[in-house]
Amino acid sequence: MGPIWSSYYGNCRSLLFMLDASNPTQLSASCAQLLGLLSAEQLAEASVLILFNKIDLPCYVTVEEMKSLIRLPDLLACAKQNISTAEISARKGTGVSEVLRWLQDPHRTNS
Ligand SMILES: Nc1nc2c(ncn2[C@@H]2O[C@H](COP(=O)(O)OP(=O)(O)OP(=O)(O)O)[C@@H](O)[C@H]2O)c(=O)[nH]1
Ligand SMILES: [Mg+2]
């Protein structure tokens, strides 16, 4: 779906980007997609929440290691957007209330 994402950029104020924390083989492709989104001019004002989903599944790479592999600290420092991260399990509901709080936070989109 990546090739058509840009048709949804207009008026986008909140961006949720979901990574599969159980599938490290997709990590580099996901990171490339994420960098494309963060560098899009139309999304410069959006606030971004990066979700590490499927944390209920066992994985040979930890979420901390994944964050390091995508150089998340550099992304947070260099991106134009205000970026948050959350570790969730959509299946078990872990972390989902945090995502809802982020979506409802009025201060997030005031800048
Ligand atoms: N265990 C677990 N399963 C989940 C979670 N969230 C979604 N799923 C399941 O994951 C499946 C969908 O994910 P994927 O198979 O990776 O689908 P996709 O990302 O569209 O396709 P790929 O590009 O092949 O990864 C469905 O069967 C969901 O029920 C979660 O947090 N934990
Ligand atoms: Mg998947």
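Residues numbered from 1 in each chain as written. Chains lettered and ligands numbered in written order. Predicted model: local features only at pLDDT ≥ 70, side-chain atom pairs only at ≥ 80, totals over all residues. Heavy atoms only, no water.

Chemist: Sorry if this is basic, but what is going on with the environment of Leu15 here?
Modeler: Positionally, Leu15 belongs in strand E1 (residues 14-20). Accessibility expressed as a relative area gives 12% for Leu15, which makes it buried. Sequence separation between Leu15 and Asp56 is 41 residues, and the spatial gap between their C-alpha atoms is 23 Å. Those residues within four positions of Leu15 in sequence are excluded, and the remaining contacts are Leu37, Leu43, Ser47, Val48, Leu49 and Trp102. (Helix = DSSP H or I, 4+ residues; strand = E, 2+ residues; numbered from the N terminus. Buried < 20%, exposed > 50% of the residue type's maximum accessible area, 1.4 Å probe, protein only. Contact = heavy atoms within 4.5 Å.)

Chemist: Would you explain the UniProt feature "binding site: GTP" (unreviewed entry) in the chain in this entry?
Modeler: The residues that UniProt annotates with the feature "binding site: GTP" (unreviewed entry) are Asn53, Lys54, Ile55 and Asp56. Its location among the elements puts Lys54 in the loop between strand E2 (47-53) and helix H2 (63-69). Residue Lys54 is classed as partly exposed on the basis of its relative accessible area of 34%. The residues touching Lys54, leaving out its near neighbours within four places in the chain, are Asp20, Ser22, Ile88 and Ser89. Inspection of the secondary structure puts Asp56 in the loop between E2 and H2. For Asp56, a relative accessible area of 29% corresponds to the partly exposed category. Once you skip the residues sitting within four places of it in the chain, Asp56 turns out to touch Ser89 and Lys92. (UniProt positions renumbered as here; feature names shortened; annotations may be inferred.)

Chemist: Help me out: how do you make sense of the pattern of salt bridges in this one?
Modeler: When the charged atoms of two side chains with opposite charge come close together, those side chains can pair. Evaluated as defined, the whole model comprises four salt bridges. Glu87 is the salt-bridge partner of Lys67, the closest N and O atoms lying 3.0 Å from each other. Linking Lys67 in helix H2 with Glu87 in strand E3 (residues 82-87), this pair joins segments that are 20 residues apart in sequence. For Lys67, a relative accessible area of 13% gives the class buried. Taking relative accessible area as the criterion, Glu87 reaches 32% and is therefore assigned partly exposed. The partner of Asp74 in a salt bridge is Arg71, and the shortest N-O contact between them spans 2.7 Å. Residue classification places Arg71 among the exposed positions, given a relative accessible area of 55%. (Salt bridge = Lys/Arg side-chain N within 4 Å of Asp/Glu carboxyl O.)

Chemist: Explain the nonpolar core to me, please; I cannot follow it from the model alone.
Modeler: Where a protein is soluble and globular, its nonpolar side chains tend to be buried together. Ranked by size, the top nonpolar core spans 23 residues in total, and within it Leu38, Ile50 and Phe52 carry the most contacts. Broken down by secondary-structure element, the contributors of at least two residues to this core are E1, helix H1 (27-38), E2, H2 and helix H3 (72-78). The element contributing the most residues to this core is H1, with five residues. Once you skip the residues sitting within four places of it in the chain, Leu38 turns out to touch Val48, Leu75, Ala79, Lys80, Gln81 and Ile83. Leu49, Leu51, Ile88 and Val99 belong to the second-largest nonpolar core, a separate cluster that totals six residues. (Core = buried A, V, L, I, M, F, W, Y, C linked by side-chain atoms within 4.5 Å.)

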